[in-house]
Amino acid sequence: MNIHNPATERDYIPIADHGLIGNLRTAALVSLDGSIESYCVPNFDSPSIFARILDKNKGGHFSVTPTVPFTTKHNYLPSSNVLQTKFLNEKGVVSITDFLPRQANGESTRPMLFWLIRRVEVIRGTVPLRVECAPAFNYARDPHNTQIVADDSIPHQYHNRQNKVVFTSQPAVATSTSPGNPNSPLKLDLRFVSESLLDNVAAPEVSLKTLDLRAKGHLGLSVQTELSLVEGQRVTFVLRIAPESAGDGGSGIDGGQAEALGVNFENLMAGANKLRPKDDPMLTKELLDHLFVSTNSYWNSWIRKSTYQGSWKEAVHRSALALKLLIYEPTGAVVASPTFSLPEYIGGTRNWDYRASWIRDSSFTLYALIRLGFTQEANAYMDFIFERLKNKNPDGSLQIMYTIHGGKDLEEIELPHLDGHKGSKPVRIGNGAADHVQLDIYGELMDCIYLGQKFGKPLSYDTWVLVRELVDYVVANYKQPDLSIWEVRGKKRHFTYSKIMLWVAIDRGLRLADKRSLPCPRRLEWLAARDQLYEEIMQKAWNKDLQSFGQSYEETDVLDSSVLIMPLVFFMTPSDTRFVSTLKHILKTPERGGLTSNNLVYRYDVNKSDDGVGGDEGTFCLCTLWCVEALTRAGEYEKPLLRRAVEMFEDFLLYLNQVGLCTEEISEAGEALGNAVQGFTHVTLISAAYNLSRTLENQRSV
């Protein structure tokens, strides 16, 4: 049993024990014991206000926890990204429903409300609860003021006025009033609505009090309240960026005034509400009910558009819903993960910020969503990328990643004041790999553009010219070394994976020109480069003694599971003896020279290949799922490999957490590692399930 004892000092919650909620602007991690552990506002890449997962004492949190021992369960509502956490003991059951509101499709007249909503409701018996809201502004670097003031946004029908909490940050250098600027003051307010769902039960009383956690490193006062709820009672907490000017409609109106005027209270409030700004409506239980229903409807209607009919449908749809949470709707950009600096190895140094839009990761994400029929997201991302193509670097290259707003500045900074998850330092924000030369990105991007042409919006001539220039750049630079997919921080090499993807870039350019009859004045040069590159890979990346492809031309004795991409991008047939031999080498255990342990696959042996980072890491989920897909394709010709693919995929599904989410890596002990939720992992899960299911179906129909 998963028993939590609140009497003991709370330690770090494992990375896997979290669910994710979001609104296509930002996202929040919610722990199994009811704490918001990671939350950046207003956008994915904004500074955090809660980062307890990176520093249990001073990172900041918003927790709702029983004060007596309890067990806990986590689940998403069906076909939704609305998260539910249940606390249970012999005396009662309480449910917390967490979501960031979305409008139901077609509801364009209402503005989106950028609120964090936590609905606390007792289902059975009685449960004593403690609620703490302890923001830590700007990655726990900025102090803040805390005030408990009268709340003018709550209608007061037949009870006294209630209070709200206002938190105001005090940055060292205030430069503007924009909430997206880390050097501008940020003001949050915490409000609540208490209600009874049963006729004979009174609405609960909520008294907000300050809480001093400065001894633990907090830079301002927090707030707390003790609740003793019984069946039928509900309290909903709402945290938001406070509006710049308070609404002037509805404040001071109460039930007595409505009676004196001979007007129905609800009608009076509806009229008063129209005087308030649309993004600052009166906070009522009816509004909260509407937001819950519309948010749930939004996710339900979105996933219903999926065309997937294969096996493992629940895992595939959960992965699709997770990927949707990684999209930044205003620009169409896709973040690699909504979290930052979670360790690839507990106590290690491989802790990176993934809140940016990698061309590689985003292209694979769109590939997966297109496979499921979600072409709108693909078209939006293509528009984002085509805007980047208009602003290439002076040498014609692209940056490997961009901010979600399309910017190029991702300065990497270490935050030494944060302890890191379970002591894994340093904590980093920004990403120093942004200016890396990683030539493989052109292959992933061209493959995505090619697939988008089959299922999405056709290329215009002007856009084709931009794409053509991209292929010309590849043809001019395919002989150059780079730092490749794993973003090594050592010397440049001729990585096999990059060479394969450069071949893909040229190949997809040629296919696009042929299938769309687009003008291609350098067609013969492209053809010659594609063929020459293929021959070069077969000669320089192949190790005749080991009978396998190596990580790079310089180190053909080092295995790297990224070469499993070969048949997945149609570089090589999966039945080719060279590929099958490489695959079987990778399937051996590390002790026998391979990369597979307990049906989980490592990227490469960090002790054999100097990547300039140091430290250990776990098995890589992306590589495990690439291996599943490679086995699937090879298994069409060699049946035992297909059986191994099913076994490996079923084993991998056991490592999904209780709500079906994946991280980046898995330790030898089965512990989730790296940033969560990891888009790349869910992308390859969808692709592996899609192809494995299709292959098994074809086998059955033969």
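For the structure itself, consult the block above.
Residues numbered from 1 in each chain as written. Predicted model: local features only at pLDDT ≥ 70, side-chain atom pairs only at ≥ 80, totals over all residues. Heavy atoms only, no water.

(A) Seen up close, the overall build of the chain. Secondary structure assignment for the chain yields 15 helices and 31 strands. Rg of the C-alpha trace for the chain: 27 Å, near the compact-globule value of 27 Å for 702 residues, within the 12% margin. Considering only C-alpha atoms, the chain reaches an extent of 90 × 55 × 55 Å along its principal axes. Here the chain holds 702 residues, and the buried ones make up 62% of them. Accessible surface computed for the chain: about 26,800 Å², of which carbon and sulfur atoms make up 49%. (Helix = DSSP H or I, 4+ residues; strand = E, 2+ residues; numbered from the N terminus. Rg over C-alpha atoms; globule rule 2.2 N^0.38 Å. Buried < 20%, exposed > 50% of the residue type's maximum accessible area, 1.4 Å probe, protein only. Areas by Shrake-Rupley, 256 points an atom, 1.4 Å probe, with all protein chains shown as cover.)

(B) Expanded view of the sheet that holds strand β30 (residues 665-666). Taken together, the 3 strands give an open sheet; going across it, the order is β29-β30-β31, and neighbouring strands pair in antiparallel fashion. Strands at the two margins of the open sheet, each flanked by one partner only, are β29 (619-620) and β31 (672-673). Where β29 meets β30, 2 bridges bridge the pair, whose relative direction is antiparallel. Residue pairing in the sheet places threonine 619 in a bridge with isoleucine 666 of β30. (Pairing = 2+ DSSP bridges.)

(C) Local environment of the pattern of salt bridges. Overall, the coordinates contain 43 salt bridges when judged by the stated rule. Here glutamate 469 and lysine 392 are joined by a salt bridge, their closest N and O atoms 3.0 Å apart. One end of the pair, glutamate 469, is in helix α9 (residues 461-477); the other, lysine 392, is in the loop between α7 (375-389) and β22 (401-402), and 77 residues separate them in sequence. A relative accessible area of 35% means that glutamate 469 is categorised as partly exposed. Since its relative accessible area comes to 17%, lysine 392 is described here as buried. Here glutamate 629 ties to arginine 633 by a salt bridge, and the two come within 2.9 Å at their closest N and O atoms. One end of the pair, glutamate 629, and the other, arginine 633, are both in helix α13 (residues 621-635), 4 residues apart, so they sit about a helical turn from each other. Of the two residues examined, glutamate 629 and arginine 633, each falls in the buried class. (Salt bridge = Lys/Arg side-chain N within 4 Å of Asp/Glu carboxyl O.)

(D) Representation of the side chain of glutamate 629 within the structure. Relative accessible area serves as the criterion here: at 3%, glutamate 629 is assigned to the buried category. Here asparagine 691 takes part through its side chain, which lies 2.7 Å from a polar atom of the side chain of glutamate 629. Setting aside its immediate chain neighbours within four residues, glutamate 629 contacts Leu568, Ser687, Ala688 and Asn691. (Polar contact = N/O pair within 3.5 Å; in protein donor to acceptor, adjacent residues only side chain to side chain. Contact = heavy atoms within 4.5 Å.)

(E) Expanded view of the nonpolar core. Phe62, Leu583 and Phe649 are the most contacted members of the largest nonpolar core, which has 202 residues in total. If you tally residues by element for this core, the top one is helix α10 (residues 496-515), at 11 residues. Those residues within four positions of leucine 583 in sequence are excluded, and the remaining contacts are Leu564, Cys627, Ala630, Leu631, Ala634 and Leu641. (Core = buried A, V, L, I, M, F, W, Y, C linked by side-chain atoms within 4.5 Å.)

(F) Spatial organisation of the pairing of strand β3 (residues 27-31). Burial within β3 is extensive, with 5 of its 5 residues counted as buried. With burial as the criterion, each face of β3 is covered, one bearing Ala27, Leu29 and Ser31 and the other bearing Ala28 and Val30. Relative to β3, strand β2 (residues 18-22) is paired through 5 bridges, and the arrangement is antiparallel. Counterpart to leucine 20 in the pairing with β3 is leucine 29. Following β2, the chain reverses through 4 residues before pairing antiparallel with β3; leucine 24 in that reversal takes a positive phi of roughly 70 degrees. Looking at chain direction, β3 and strand β4 (residues 35-40) are connected through 3 bridges and run antiparallel. Across the sheet, residue valine 30 finds its bridge partner in β4, namely isoleucine 36. Between β3 and β4, which pair antiparallel one after the other, the connecting turn spans 3 residues, and glycine 34 there sits at a positive phi close to 85 degrees.

(G) Broad picture of the environment of asparagine 393. With respect to the helices and strands, asparagine 393 occurs in the loop between α7 and β22. Counting along the chain gives 308 residues from asparagine 393 to serine 701, while the straight-line C-alpha distance between them is 51 Å.

(H) Examining the environment of lysine 479 more closely. Its place among the elements puts lysine 479 in the loop between α9 and α10. Classification of lysine 479 by relative accessible area gives partly exposed; the value is 46%. The contact partners of lysine 479, leaving out residues within four places of it in the chain, are His494, Lys499 and Gln532.

(I) Geometry of helix α12 (residues 577-586). Across the 10 residues that make up α12, a large majority, 7, are buried. Buried within α12 we find Phe579, Val580, Ser581, Thr582, Leu583, His585 and Ile586. Check the buried side of α12 and you find it contacts β25 (542-543), β26 (548-549), β27 (596-597), β28 (600-601), α13 and α14 (639-653). Near the N-terminus of α12, the side chain that reaches the backbone nitrogen of arginine 578, with its oxygen 2.8 Å away, is that of aspartate 576.

(J) Geometry of unusual backbone geometry. The residue after lysine 425, namely proline 426, is reached through a cis peptide bond having omega 0 degrees. The topology assignment puts proline 426 in the loop between β23 (413-414) and β24 (428-429). Residue valine 677 is reached from alanine 676 by a cis peptide bond, and omega for that bond is 0 degrees. Considering the arrangement of structural elements, one finds valine 677 in the loop between β31 and α15 (679-701). The backbone of lysine 422 shows a phi angle near 55 degrees, a positive value even though the residue is not glycine. For lysine 422, the position within the fold is in the loop between β23 and β24. Under the relative-accessibility criterion, lysine 422 is labelled partly exposed at 34%.

(K) A look at the packing of helix α4 (residues 285-303) against helix α5 (residues 313-324). One way to put it is that α4 packs onto α5 with a least axis distance of 11 Å and a crossing angle of 120 degrees. The orientation of α4 relative to α5 falls into the category oblique. As for the relative orientation of α4 and α5, their crossing is right-handed in sense. Where α4 abuts α5, its residues Tyr298, Trp299, Trp302 and Ile303 lie against His317, Ala320, Leu321 and Lys324. Per-class residue counts for the contact of α4 with α5 are 6 nonpolar, 1 polar and 1 charged. (Axes fitted to C-alpha atoms, helices over the stretch in contact; angles between N-to-C directions. Parallel < 35°, antiparallel > 145°, perpendicular 65-115°, else oblique. Left-handed = near helix turned anticlockwise from the far one by under 90°. Nonpolar A, V, L, I, M, F, W, Y, C, P; charged D, E, K, R; others polar.)

(L) Molecular detail of the environment of isoleucine 370. As for its position among the elements, isoleucine 370 is in helix α6 (residues 359-371). Sequence separation of isoleucine 370 and phenylalanine 455 is 85 residues, and the distance between their C-alpha atoms is 7.1 Å.

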